[in-house]
Amino acid sequence: MRRSFTVALERYGYRVRAAADGLAGLELFRDGGRDVEGTGVLDGGDGDDGFDLLILDVMLPGLDGIGLCRRVRETSLVPILMMSARGDGLDIVAGLEAGADDYVVKPVDTYVLVARIRSLLRRATYAPPAPGAGRAAGEEQTAPSQGDLLVFGDLTLDTGGLEVFVSGTAVALTPTELKLLLEFAAHPGVVLERHTLLRNVWEYGWDGDSRVVDLCVQRLRRKLGRDRIETVRGFGYKLRR
């Protein structure tokens, strides 16, 4: 399966490095993919961070995919896609709680896998407008305006620099967590239904599993404060003003 996915993804233009077990995968990740042959690790190959995205199978021998996800999250915010052979939800929830951004259940068609990869990479490569964009030629650039800052109590979101602060302290968010927070911040005080968040953040064109939303909200609460995002039972979530 590892070899078949490697071949399929390479046909879509990705450069792939793979490892047969979790410990080898961790070594591969820490090494940035250099000179190690190989759990579906996509290598951008053109940056200091090594990999653009990780695909971790839950059932890896040695260190399993969930344990590997936790180890990666100790030092990196790289997008992570979990792959599970079980549909009962235990592996799915455990993977999302460990810090994964999304998941697929085996067997999975290649086009579905590629769609999830593309969605994750779009979130990871989102960039604010370049400074000076839209200004007339020769017009001087200015420092970021106060309009770039959204403030909700002790939470400050710099929408230009894509930085988040709680009580003045910077908070590191994964690309998915950041995009979810930006979606809430664009509609403060408005209840956003789970299927709306799945469409706008995860880019699901169909009814996806709302557990990815619930678990990502839980991770945001741990980082931003439990009362910042309110649950509206039976509907969804809203960001407190």
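That block above? That's the structure.
In short, a report on the structure. Everything numeric in this text was worked out from a predicted model, so none of it was measured.

### Quick look at the packing of aromatic side chains
Evaluation of the coordinates by the stated rule reveals 1 aromatic pair. With a centroid separation of 6.4 Å and an interplanar angle of 20°, the aromatic rings of Phe29 and Phe51 are classed as stacked. Comparing Phe29 with Phe51 shows no difference in burial state: the two are buried.

### A look at the sheet that holds strand E10 (residues 192-193)
Spatially, E10-E12-E11 is the arrangement adopted by the 3 strands of the open sheet, whose pairing is antiparallel. Only two strands of the sheet have a single partner each, and these edge strands are E10 and strand E11 (229-232). Two elements, E11 and strand E12 (residues 236-239), share 4 bridges in a ladder whose sense is antiparallel. Note on E12: the bridge partner recorded for Val232 is Gly236. Sheet strands in contact with helix H6 (residues 175-185) are E10, E11 and E12, and its direction is about 75° off that of E12. The strands touched by helix H8 (residues 211-224) within the sheet are E11 and E12, with E11 carrying the most contacts at an inclination of about 145°.

### Remarks on the pattern of salt bridges
Inspection of the entire model under this criterion finds 11 salt bridges. One salt bridge connects Glu177 with Arg219, and the closest N-O pair in it is separated by 2.8 Å. One end of the pair, Glu177, is in helix H6; the other, Arg219, is in helix H8, with 42 residues separating them in the sequence. Arg219 matches Glu177 in its accessibility class, with the two residues each being buried. One network of salt bridges, in which partners are shared, links Arg122, Lys179 and Glu203.

### Considerations on the sheet that holds strand E6 (residues 149-152)
On the basis of which strands lie adjacent, the open sheet formed by 4 strands has the order E6-E7-E8-E9 and antiparallel pairing. Of all the strands in the sheet, just E6 and strand E9 (169-171) have a single pairing partner and so form its edges. Strand-to-strand twist across the sheet, computed as the mean angle between neighbouring axes with direction ignored, equals 25°. Across 4 bridges, E6 lies against strand E7 (residues 155-158) in antiparallel orientation.

### Things to note about helix H3 (residues 65-73)
Taken across its 9 residues, H3 has 7 buried, putting it largely inside the fold. Those residues of H3 that fall on the buried side of the exposure criterion are Gly65, Ile66, Gly67, Leu68, Cys69, Val72 and Arg73. Put simply, Asp64 is the residue that caps the front of H3, since its side-chain oxygen is 3.3 Å from the backbone nitrogen of Ile66.

### Thoughts on the pairing of strand E3 (residues 51-57)
In terms of residue burial, E3 counts as a mostly covered element, since 6 of its 7 residues are buried. Pairing geometry for E3 and strand E4 (residues 80-84), over 4 bridges, is parallel. Bridge pairing links Leu56 to Met82 in E4. For the handedness criterion, the β-α-β arrangement of E3, H3 and E4 is classed as right-handed.

Rules used throughout
Residues numbered from 1 in each chain as written. Predicted model: local features only at pLDDT ≥ 70, side-chain atom pairs only at ≥ 80, totals over all residues. Heavy atoms only, no water. Phe/Tyr/Trp six-rings, centres within 6.5 Å; stacked < 30°, edge-to-face > 60°. Buried < 20%, exposed > 50% of the residue type's maximum accessible area, 1.4 Å probe, protein only. Pairing = 2+ DSSP bridges. Helix = DSSP H or I, 4+ residues; strand = E, 2+ residues; numbered from the N terminus. Contact = heavy atoms within 4.5 Å. Axes fitted to C-alpha atoms, helices over the stretch in contact; angles between N-to-C directions. Salt bridge = Lys/Arg side-chain N within 4 Å of Asp/Glu carboxyl O. Polar contact = N/O pair within 3.5 Å; in protein donor to acceptor, adjacent residues only side chain to side chain. Right-handed = clockwise from strand over helix to strand, strands pointing away.

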